[in-house]
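Here is what each chain is made of, one letter per residue.
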2 protein chains.
Amino acid sequence: MNRRETGMEKNIIDVLARRASVRAYDKERPLPQGVLEKLLTAAMQAPTTGNMQLYSVIITDSTDGKERLKQLHFGQPMAADCAALLTFCADVHRFGRWCAARKAQSGLDNGGGMLMAMEDAVIFAQQFVTLAEAEGLGTCYLGTVPYNIEAFAKELNLPSGVMPLFSVAVGYPAGERPAPSDRLPLEAVMHHEKYRRPAADDIDAWYSAKEALPESVRFIAENGKETLAQVYADVRYPRAQNEKIAADLVPFFFC
Amino acid sequence: MNRRETGMEKNIIDVLARRASVRAYDKERPLPQGVLEKLLTAAMQAPTTGNMQLYSVIITDSTDGKERLKQLHFGQPMAADCAALLTFCADVHRFGRWCAARKAQSGLDNGGGMLMAMEDAVIFAQQFVTLAEAEGLGTCYLGTVPYNIEAFAKELNLPSGVMPLFSVAVGYPAGERPAPSDRLPLEAVMHHEKYRRPAADDIDAWYSAKEALPESVRFIAENGKETLAQVYADVRYPRAQNEKIAADLVPFFFC
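Quantities reported herein were computed from a predicted structural model and do not represent experimental measurements.

Definitions and cut-offs
- Residues numbered from 1 in each chain as written.
- Chains lettered and ligands numbered in written order.
- Predicted model: local features only at pLDDT ≥ 70, side-chain atom pairs only at ≥ 80, totals over all residues.
- Heavy atoms only, no water.
- Buried < 20%, exposed > 50% of the residue type's maximum accessible area, 1.4 Å probe, protein only.
- Helix = DSSP H or I, 4+ residues; strand = E, 2+ residues; numbered from the N terminus.
- Contact = heavy atoms within 4.5 Å.
- Axes fitted to C-alpha atoms, helices over the stretch in contact; angles between N-to-C directions.
- Parallel < 35°, antiparallel > 145°, perpendicular 65-115°, else oblique.
- Left-handed = near helix turned anticlockwise from the far one by under 90°.
- Nonpolar A, V, L, I, M, F, W, Y, C, P; charged D, E, K, R; others polar.
- Phe/Tyr/Trp six-rings, centres within 6.5 Å; stacked < 30°, edge-to-face > 60°.
- Lys NZ or Arg CZ within 6 Å of the ring centre and 35° of its normal.
- Least-squares fit on C-alpha atoms with pLDDT ≥ 70 in both.
- Pairing = 2+ DSSP bridges.

### Considering helix 11 (residues 228-236) of chain B
All buried positions along helix 11 of chain B are accounted for by Leu228(B), Ala229(B), Gln230(B), Val231(B), Tyr232(B) and Ala233(B). Elements in contact with the buried residues of helix 11 of chain B: helix 5 (93-100) of chain A together with helix 9 (200-212), helix 10 (214-222) and helix 12 (239-253) of chain B.

Next comes the structure, spelled out in structure tokens:
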């Protein structure tokens, strides 16, 4: 390992350990010409199943296009305020077209193929996010695509075999960069050899710091709830909503 | 942006653009004490849905444990030769236990919750991979977990609501680092505003370089096929296998 690599390592780890999503963008500052192409090209070197690259990304940077996607994202301002909105998709369509043009028949247009494609697409997206942040840009995942998955597919003209997963907002931050978010202690997510089921004491130890944050206390009060978990379970991610997402997902996943 | 950040940016982009998966590990060289904990802690700052961290990682570094997982990974040598094998899981179990301990009922134990958990887990895994590579380690995704998903769940003692996705081998490379793999041209995966369906000419333009690689020509000959697409569709990723994966997935995904 040479000295240059050693210096870089410290920087990457340090920077990624301090990263935070950016939700407010400088609307007046466009991306440098060619920067998305440069970052996406580098991101394509991320690992991919059998080197098939079962993903696509749709770049939306027109004012009209971002405004339409903002509506589908429940009006979240950053969808239109960012310089570009990138919608990442699991994609077995292109592979299928390749097979059809080469006397073969793709076997990926089903849940097994789509599982690989989803993993490929998320790996590609996260590599892009890391690269964009290294370039000095801010990013934020918008996880609201599954709530309107059919409308996104129609708006982006997606063929069968292409499943939109999420959008990523990209642009220069407005004002100061946000501080990193709180996280659970590592022991909550890391297991050794076997999965260790949490005891009641573990739950208290892992979640009490999060529950005590001023913003958590405020969420509980604002929503008239007794616990932070109730805010998550009843208000933010209620069962009926997730079951609807699951039902809407089926024709895309088992395509 | 200060000078230090500017210098770092070039390094990250340069390094990630040249990265490659490592399939041969130095069996004699263990990981430095505490390095996995350091890298996983930094990786936890990666984006996660609503800051729920719907993932877990199981570290297998005992000789016996790696050997058992190697068998489930169809005997791939790197599963046992690496210093540690990390199996990343989508996890709505811990969140459910938190809710149950806080007078709430999780609504994530279904396909909608599992979709978020899968994305969270893959983002976390890829951030770990980037950090591990920056640390000078080699990594390789083993995508064979879904082929034996129930056996992995049993071996790792996974409760309901925890879906194993893939393992990542980590260790010091044996010998020279491999060269980066070929990739499709960017225009094959990047779309502007709308998805552009490939024409026959596009398929030829995007896939001809891959098809002409010496290793592709060899794969075709070794498998007695006419085209590279036939090797992928008939031999490597056949329909029946993917449909079995999809069927086995259902109880994990719609948990």
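Still more to cover.
### Focus: the packing of helix 6 (residues 111-134) of chain A against helix 6 (residues 111-134) of chain B
Contact geometry for helix 6 of chain A and helix 6 of chain B: axes closest at 9 Å, N-to-C directions at 50 degrees. Between helix 6 of chain A and helix 6 of chain B, the angle is such that the two are oblique. Along this stretch, helix 6 of chain A crosses helix 6 of chain B, giving a crossing that reads as right-handed. Between helix 6 of chain A, through Leu115(A), Met118(A), Glu119(A), Val122(A), Ile123(A), Gln126(A), Gln127(A) and Thr130(A), and helix 6 of chain B, the contact on the second element is made entirely by Leu115(B), Met118(B), Glu119(B), Val122(B), Ile123(B), Gln126(B), Gln127(B) and Thr130(B). Partitioning the contact of helix 6 of chain A with helix 6 of chain B into residue classes produces 8 nonpolar, 6 polar and 2 charged.

### Let's talk about the environment of Val231(A)
Within the element layout of this structure, Val231(A) appears in helix 11 (residues 228-236). A sequence separation of 124 residues divides Val231(A) from Gly107(A), and the C-alpha atoms of the two residues are 42 Å apart.

### Comments concerning the packing of aromatic side chains
One pass over the structure, following the stated rule, counts 25 aromatic pairs over all chains. Centre to centre, the rings of Phe95(A) and Tyr232(B) are 6.2 Å apart; their planes meet at 80 degrees, and the pair counts as edge-to-face. One end of the pair, Phe95(A), is in helix 5; the other, Tyr232(B), is in helix 11, on a second chain. Given a relative accessible area of 3%, Phe95(A) falls into the buried group. Arranged with centres 6.2 Å apart and planes meeting at 15 degrees, the rings of Tyr232(B) and Tyr237(B) form a pair that is stacked. Under the relative-accessibility criterion, Tyr232(B) is labelled buried at 7%. Connected via pairs of aromatic rings, a cluster forms that spans Tyr55(A), Phe88(A), Phe124(A), Phe128(A), Tyr141(A) and Phe166(A). Across the ring face of Tyr172(A), the terminal group of Arg29(A) is positioned such that the distance to the ring centre comes to 3.5 Å.

### Digging into the side chain of Asn242(B)
Note on placement: Asn242(B) falls in helix 12. Since its relative accessible area comes to 0%, Asn242(B) is described here as buried. Contacts of Asn242(B), omitting those with residues within four sequence positions, involve Gly107(A), Leu108(A), Asn110(A), Gly112(A), Gly113(A), Met116(A) and Tyr237(B).

### Points about the relation of the copies chain A and chain B
Laying chain A over chain B is done by rotating through 180 degrees and shifting 0.0 Å along the axis; what remains is an RMSD of 0.0 Å. What the superposition gives is, in effect, a two-fold axis relating one chain to the other. Comparing interface residues between copies, 100% of those in chain A also lie at the interface in chain B; the contact surface is shared.

### So, the pairing of strand 1 (residues 55-60) of chain B
Of all 6 residues in strand 1 of chain B, 6 are buried; the element is thus mostly enclosed. Of the two faces of strand 1 of chain B, the one holding Tyr55(B), Val57(B) and Ile59(B) and the one holding Ser56(B), Ile58(B) and Thr60(B) are both buried throughout. In the sheet, strand 5 (residues 190-192) of chain A pairs with strand 1 of chain B via 3 bridges, with the strands oriented parallel. Residue pairing in the sheet places Met190(A) in a bridge with Val57(B) of strand 1 of chain B. Inspection of the sheet shows strand 1 of chain B paired to strand 2 (residues 84-91) of chain B by 6 bridges, in the antiparallel sense. Each residue of the ladder has a partner; that of Thr60(B), found in strand 2 of chain B, is Leu85(B).

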